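Residue-level structural notes
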Amino acid sequence: MVSHAHAVLARQGAGSAYVRQAASETVKLAETVEARTVMETAFAVYLMADQQPRRFASDRAFRVQLVRRLRGLAEANAGTWFDHDTGRMKRVYRELPPQAAKVMGEWCAKAFGAVGLFLARMDREQREAAARKADADRAAMTAALEALT
């Protein structure tokens with residue numbers, strides 16, 4: 001993903017401005033955040049989507065939220081301002097234009113999607129197996145208690 005972003009930026013002036021902005025944000029993220037942290041965050045968003053599918057209205061909404069969570073890891077994407085009412089510094093995140101977020105989201109989905117979906121399926125299967133085991137244990141305990149009475 002990062003090498004593709006570098007290639008997009010290397011083409012001087014060629015391509016959509018939104019694609020170039022997505023590439024710039026991708027490079028900025030790669031330079032400021034460890035790859036492991038990016039992957040863990042991306043996979044966590046995939047797990048959340050699997051566990052709470054109603055949180056995301058569509059695939060596009062999911063990808064935009066994935067981009068927001070990943071960009072939130074980089075300090076460069078946050079600004080601060082002083083709130084005179086509360087006397088405190090407030091932190092705000094700069095948003096990407098929707099078209100650039102869409103492009104970056106598609107790149108992230110291609111990079112993390114297969115593994116993210118696989119991990120989500122594994123997690124779901126493990127939770128279901130644990131629930132079945134707990135039900136079986138509960139039924140065995142109930143039967144044992146009924147045998148005593």
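The sections below set out a description of the structure shown in this document. All values reported here derive from a predicted model rather than from experimental measurement.

Where helix H3 (residues 35-51) meets helix H5 (residues 98-148), the closest approach of the two axes is 8 Å, and the angle between their N-to-C directions is 55°. Relative to H5, the element H3 is oriented oblique. Pair H3 / H5 crosses with right-handed handedness. In this structure, H3 uses Val38, Met39, Ala42, Phe43, Tyr46, Leu47, Asp50 and Gln51 to contact H5, whose residues at the interface are Cys108, Ala109, Phe112, Gly113, Val115, Gly116, Leu117, Leu119, Ala120, Asp123, Arg124 and Arg127.

Once that is clear, we can look at a nonpolar patch on the surface. Residues Val115, Phe118, Leu119 and Met122 make up a contiguous nonpolar surface patch of roughly 300 Å² in combined accessible area. By the secondary structure assignment, Leu119 is in helix H5. Residue Leu119 is classed as partly exposed on the basis of its relative accessible area, which comes to 30%.

Quantified by volume, the largest pocket comes out at close to 210 Å³. Along its surface, the largest pocket is lined by 14 residues, and Ala49, Asp50, Asp59, Phe62 and Leu117 are the ones closest to its centre. Elements with a minimum of two residues in the lining of the largest pocket: H3, helix H4 (59-71) and H5. It is H5 that contributes the most residues to the lining of the largest pocket, five residues altogether. Each residue belonging to the lining of the largest pocket can be placed in one class, and the counts come to eight nonpolar, one polar and five charged.

Leu66, Leu70 and Phe112 are the most contacted members of the largest nonpolar core, which totals 27 residues. Top contributing element to this core by residue count: H5, with seven residues.

Here is what the cut-offs are and how they apply
- Residues numbered from 1 in each chain as written.
- Predicted model: local features only at pLDDT ≥ 70, side-chain atom pairs only at ≥ 80, totals over all residues.
- Heavy atoms only, no water.
- Axes fitted to C-alpha atoms, helices over the stretch in contact; angles between N-to-C directions.
- Helix = DSSP H or I, 4+ residues; strand = E, 2+ residues; numbered from the N terminus.
- Parallel < 35°, antiparallel > 145°, perpendicular 65-115°, else oblique.
- Left-handed = near helix turned anticlockwise from the far one by under 90°.
- Contact = heavy atoms within 4.5 Å.
- Patch = residues over 30% accessible without salt bridge, like charges linked within 9 Å, V, L, I, M, F, W, Y side chains within 5 Å.
- Areas by Shrake-Rupley, 256 points an atom, 1.4 Å probe, with all protein chains shown as cover.
- Salt bridge = Lys/Arg side-chain N within 4 Å of Asp/Glu carboxyl O.
- Buried < 20%, exposed > 50% of the residue type's maximum accessible area, 1.4 Å probe, protein only.
- 1 Å grid on protein atoms, 1.4 Å probe; cavity = no way out; pocket = protein on both sides within 12 Å on 5 of 7 lines; lining within 4 Å.
- Points joined across faces, edges and corners; volume = space filled by probe spheres on them.
- Nonpolar A, V, L, I, M, F, W, Y, C, P; charged D, E, K, R; others polar.
- Core = buried A, V, L, I, M, F, W, Y, C linked by side-chain atoms within 4.5 Å.

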